[in-house]
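Below are the chains, spelled out letter by letter.
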Amino acid sequence: MLDPAQRPVDAAAGLDGTMALDLKPRKRIGLVAHDNKKQDLVEWARFNRGMLARHDLVATGTTGTMLGRELDLPVTCLQSGPLGGDLQIGAMIADGTIDFLVFFWDPLEPQPHDTDVKSLLRIAVVWNIPVACDRASADFMISSPLMTGAYQRTVPDYSSHNEREIPGSDDSGADEGSADDAAADDRAADDRAEGDGGDRAAVDPALGSIF
């Protein structure tokens, strides 16, 4: 995770506590596609090969293999999506090492790793990186002049979340002690009640004396 205390030299703190992360002209692009969308991504990448060659490419397993073969460009291949590749891409986003995500996901086909898919889309929004989920969006984004120039991406400041107090972490022993004391007091009260009841049972109300 991008820690404000360990910000890279190209990140500057804003007055509102956020960080403006300077993205270099050469960016690292994450490429992911579900099975029914892989051919779409390959065709899009082939058309935009010249632009993609100016950046570093990272992809999930099968998609990366297809892209490397089709484009004849170096592609860092992670695990297949259902085997954890989506999570690996998400971890790289959280670490600040993925600058741009092209994720052609299939809206009509259920996925065995659907929770990973949602997690990847969520973490991209959490860390405010550009995301293209279809060919039209990808065309608009890759044709932007920002793709070949520097760009300051605002990274939200999550320090208050990271530094929040976790209840029970330091007071657990005191809580346990209080619970033990309360239980002991209850037992003592029960014992006193039983003792009083025994004395009353030994008194003859008519004679007013003890047997």
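Each remark here, short or long, concerns the structure printed above.
I will try to describe carefully the structure that is included in this document. Numbers given for residues are sequential positions, taken from 1 along each chain in its written order. Only residues with pLDDT of at least 70 get local features here, since the model is predicted, and only at 80 or more are side-chain atom pairs given and counted; chain-wide, interface and lining totals rely on the full set of residues. For side-chain calculations, the full set of non-hydrogen atoms in the structure is used, while hydrogens and water are omitted.

## Here's the deal with the packing of helix α1 (residues 38-47) against helix α6 (residues 135-142)
Axis angle and axis distance: for two packed helices, these are the angle between their axes and the distance between the axes, and together they describe the pair. Quick reminder of the rule: Note on geometry: axes are lines fitted to C-alpha atoms, helical ones only across the stretch in contact, with angles between N-to-C directions running from 0 to 180 degrees. To qualify as a helix, a DSSP run of H or I must reach at least 4 residues; to qualify as a strand, a run of E must reach at least 2; elements of each kind are numbered from the N terminus. To sort the angles, those under 35 degrees are grouped as roughly parallel, those over 145 as roughly antiparallel, those from 65 to 115 as roughly perpendicular, and the leftovers as oblique. Working rule for handedness: look at the near helix, and if it is turned counterclockwise from the far one by less than a right angle, call the crossing left-handed; if clockwise, right-handed. The criterion used for residue contact is that any of the two residues' heavy atoms lie within 4.5 Å.
Running from N to C, α1 and α6 point in directions that differ by 25°, and their axes come no closer than 11 Å. The angle between α1 and α6 places the two elements in the roughly parallel class. Of the two possible hands of crossing, α1 and α6 adopt the one that is right-handed. The segment α1 lies against α6, with Asp40, Glu43 and Trp44 engaging Arg135, Ala138, Asp139 and Ile142.

## Looking at the pattern of salt bridges
Inclusion rule: Whenever Lys or Arg places a side-chain nitrogen within 4 Å of a carboxyl oxygen from Asp or Glu, that contact is recorded as a salt bridge. With a 1.4 Å probe rolled over the protein chains alone, any residue whose accessible area is under 20% of its type maximum counts as buried; one over 50% counts as exposed, and the rest are partly exposed.
Enumeration according to the criterion identifies 5 salt bridges in this entry. The salt bridge partner of aspartate 35 is lysine 38, with a shortest N-O separation of 3.8 Å. When its relative accessible area of 11% is taken as the criterion, lysine 38 is described as buried. A salt bridge links glutamate 43 to arginine 135; the nearest nitrogen and oxygen atoms lie 3.2 Å apart. One end of the pair, glutamate 43, is in helix α1; the other, arginine 135, is in helix α6, with 92 residues separating them in the sequence.

## Here's the deal with the side chain of glutamine 111
With respect to the helices, strands and loops of the structure, glutamine 111 is situated in the loop between β6 (100-104) and α5 (114-126). Non-local contacts of glutamine 111, meaning those with residues more than four positions away in its chain, are made with His34 and Asp106.

## With respect to the sheet that holds β6
Filter applied, for reference: Pairing between strands requires that DSSP locate at least two bridges from one strand to the other.
Read across the sheet, 5 strands follow the order β5-β4-β3-β6-β7 without closing on themselves; strand pairing throughout is parallel. Among the strands making up the open sheet, the edge pair consists of β5 (75-77) and β7 (131-132). As defined by bridge partners, strand β3 (residues 28-33) adjoins β6 across 5 bridges and the pair is classed as parallel. Looking at β6, one finds that leucine 31 is bridged to valine 102. Running at roughly 155° to β5, helix α3 (residues 61-71) makes contact with β3, β4 (56-59) and β5 of the sheet.

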